[in-house]
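Topology and contacts: notes
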Amino acid sequence: MRIWLDGGLRDIDSARVSVFDHGLTVGDGVFETVKAVDGKPFALTRHLDRLTRSARGLGLPDPDLDEVRRACAAVLEATPMPFGRLRVTYTGGHGPLGSDRGEHGPTLVVALGDAVRRPETTAVITVPWTRNERSAVTGLKTTSYAENVVALARAHRHGASEALFGNTVGQLCEGTGSNVFVVLDGEIHTPPVASGCLAGITRALVVEWTGAKETDLPLDVLERAEEVFLTSSLRDVQAVHRVDDRELPGAPGPATLKAMRIFDERSGHDLDP
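Residues numbered from 1 in each chain as written. Predicted model: local features only at pLDDT ≥ 70, side-chain atom pairs only at ≥ 80, totals over all residues. Heavy atoms only, no water.

**Notes on the pattern of salt bridges**
- Applying the stated criterion across every chain, the model contains 12 salt bridges.
- As a salt-bridge pair, Glu187 and Lys213 come within 3.1 Å of each other at their nearest N and O atoms. Taken as a pair, Glu187 in strand E11 (residues 187–190) and Lys213 in strand E12 (residues 213–214) lie far apart in primary sequence, 26 residues in all.
- Judged by relative accessible area, Glu187 falls into the partly exposed class, the value being 37%.
- Each of Arg131, Glu147 and Glu174 takes part in one network of salt bridges that share partners. (Salt bridge = Lys/Arg side-chain N within 4 Å of Asp/Glu carboxyl O. Helix = DSSP H or I, 4+ residues; strand = E, 2+ residues; numbered from the N terminus. Buried < 20%, exposed > 50% of the residue type's maximum accessible area, 1.4 Å probe, protein only.)

Now the structure itself:
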């Protein structure tokens, strides 16, 4: 495996980030997860746009997107695999042991790992913790993921692959690494970005391609939705067959199947929509 670190490819044994890197000490960094199929990244332009927005939100310098593209291409070429997770990480760089940043400049890491294609349906749970839609980092894809690690571990203990959060006013928000859609009276809905959810790349494409509505939804909509599905870079569109103790027989339902088909067709014809 070859990894891009600060300007060039390194072997996995020689790719080392300082123990004083701000991404490690205080979670001061942003990242993107990009689906890679047969050595080609999907929706890379959208991912790099969001990487820049996240960096600006943290007050980091804009990443050099030409370098990030070169890094992605080099890593994909150096580590061929049919289906992978391309991870771009951009941190505050070497800094003091506190919240203040140092003067060394950002760290850029691009790595590729093997990924497993998701099953057609999955189970999810809701968790008692909330997303703060008014947080300073709301909508930013930061490396501060401890909250998600805790919630996902709880989901796994309950036989589920994802945990869903509400926000501070009791609205449905998002999963630990996915966006959530529900079907009501045959229409597809998803929480708006104002709910505190991440503006997911796959989410945006599903909204554009299916005409899904962005709607403020109470968390208990999951108790009556006709269908539920998740979206993310590696899930694409994935049906949900169980929410907590509620079974959704027949998943994927007709609206979800249509969304799956549209996404497969459109994404298959354009790798950088």
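Okay, back to it.
**A look at the nonpolar core**
- Formed by 24 residues in total, the largest nonpolar core has its most connected members in Leu86 and Val110.
- Looking at this core, the elements that each hand over two or more residues are strand E3 (29–37), helix H2 (44–58), helix H3 (65–78), strand E5 (83–91) and strand E6 (107–114).
- Sort the elements by how many residues they give to this core and H3 lands first, with six residues.
- Those residues in contact with Leu86 that sit more than four places away from it in its chain are Glu32, Thr33, Val34, Pro41, Cys72, Val75, Leu76, Val110, Ala111 and Leu112.
- Membership of the second largest hydrophobic core comes to 19 residues, among which are Phe181, Ile201, Leu205 and Val206. (Core = buried A, V, L, I, M, F, W, Y, C linked by side-chain atoms within 4.5 Å. Contact = heavy atoms within 4.5 Å.)

**Overview of the sheet that holds E3**
- Strands sit in the order E2-E1-E6-E5-E3-E4 across an open sheet of six strands; the sheet is antiparallel. If you trace the sheet from one side to the other, it starts and ends with strand E2 (8–11) and strand E4 (40–41), each paired once. (Pairing = 2+ DSSP bridges.)

**Some details on the pairing of E5**
- In terms of residue burial, E5 counts as a mostly covered element, since seven of its nine residues are buried.
- Pairing between E3 and E5: nine bridges, direction antiparallel. Considered in E5, the bridge of Val30 is made with Tyr90.
- Here E5 pairs with E6 via eight bridges, running antiparallel. Residue pairing across strands places Thr89 opposite Val109, the latter belonging to E6.

**Thoughts on unusual backbone geometry**
- With an omega dihedral of 0°, the bond running from Ala251 to Pro252 counts as a cis peptide bond.
- Positionally, Pro252 belongs in the loop between strand E15 (246–247) and helix H6 (254–269).
- In this structure, Ala43 takes a positive phi of about 55° despite not being glycine.
- With respect to the helices, strands and loops of the structure, Ala43 is situated in the loop between E4 and H2.

**Concerning helix H5 (residues 201–210)**
- With seven of 10 residues buried, H5 is to be regarded as a mostly interior element.
- Among the residues of H5, those classed as buried are Ile201, Thr202, Arg203, Leu205, Val206, Val207 and Trp209.
- Phi for Gly211, located one or two positions after H5, is positive at around 75°.

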